[in-house]
Amino acid sequence: MAPIIVTALFGRADQGAFDALRRQHFPPERNVLDAHCTLFHHLPPSAEAELKHRLNGLTRGVRAPDARASGLMSLGRGVAIRIDSPGLVAIRHELVDAFAGMLTPQDAGGWRAHVTIQNKVTPATAKLLLQQMERDFRPRAVELIGLGTWWYRGGPWEMLSRHLFA
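Residues numbered from 1 in each chain as written. Predicted model: local features only at pLDDT ≥ 70, side-chain atom pairs only at ≥ 80, totals over all residues. Heavy atoms only, no water.

Under an unreviewed UniProt entry, the protein chain has the name 2'-5' RNA ligase family protein and belongs to Sphingomonas parapaucimobilis NBRC 15100.

The following block contains the structure:
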């Protein structure tokens, strides 16, 4: 059985902008996913029903949390856009508490919300892109429309469920 990934879902304009940056800067042979902000990298398939139930409760009839693309992050071998959203952090904390015994070390540790736009390049290439982007980057609001779950089967992710905010 495949592990489950949980991501924030962006509005159409923001998704398009992040995807365009990935197409421009991500090594094409490795760019098999749309841009995304991962909340959890690996939940066990046995958590599927409980996860869907909790995500429904966190989104149904609930206003989307505010979010901002607040800055750039060096990933060493890539570059990401930092996403600041206290509401999204609160949602993740609630899910961490609910699934604490099932979390991998990566998911149980600290979390920095971000959208990776370049990865798996040389440190020099990443540093150059970061410097270029820092010249033009301006913080801006980002629209969150919901939370998504995905099956990870080794290649492109397979959509499992979407949970949209009011």
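## Points about the pattern of salt bridges
To keep things clear, this is the line we draw: For salt bridges, the criterion is a side-chain nitrogen of Lys or Arg within 4 Å of an Asp or Glu carboxyl oxygen. Going along the chain from the N terminus, every DSSP run of H or I of four or more residues is numbered as a helix, and every run of E of two or more is numbered as a strand. Exposure categories follow from relative accessible area, calculated using a 1.4 Å probe and restricted to protein chains: below 20% of the type maximum is buried, above 50% is exposed, and the middle band is partly exposed.
Per the counting criterion, the structure on display carries five salt bridges. The shortest N-O distance in the salt bridge between Asp 14 and Arg 140 comes to 2.5 Å. Here Asp 14 is found in helix α1 (residues 12-25), whereas its partner Arg 140 is found in strand β6 (residues 140-141), with 126 residues between them in sequence. By relative accessible area, Arg 140 is classed as partly exposed at 30%.

## What about the sheet that holds strand β7 (residues 144-151)?
Note the following rule: DSSP-based pairing: two strands are paired if at least 2 bridges between them are found. Interaxial angles span 0 to 180 degrees and are taken between N-to-C directions of axes, which are lines fitted to C-alpha atoms, for helices over the stretch in contact. It only takes one pair of heavy atoms within 4.5 Å for two residues to be counted as in contact.
Pairing is antiparallel across the open sheet formed by four strands, whose spatial order is β2-β1-β7-β8. Single-partner strands in this sheet number two, and they are β2 (37-43) and β8 (158-164). The average undirected angle you get between the axes of adjacent strands in this sheet is 20°. Sheet topology note: the strand β1 (residues 4-10)/β2 ladder contains four bridges and is antiparallel. Paired with Ala 8 across the two strands is Cys 37, which belongs to β2. Relative to the sheet, helix α3 (residues 86-98) contacts β1, β2 and β7, its axis offset from that of β2 by approximately 10°.

## Things to note about the pairing of β1
The buried fraction of β1 is high, at seven of seven residues. With seven bridges connecting them, β1 and β7 associate as antiparallel partners. Within β7, the position partnered with Phe 10 by the bridge is Leu 144.

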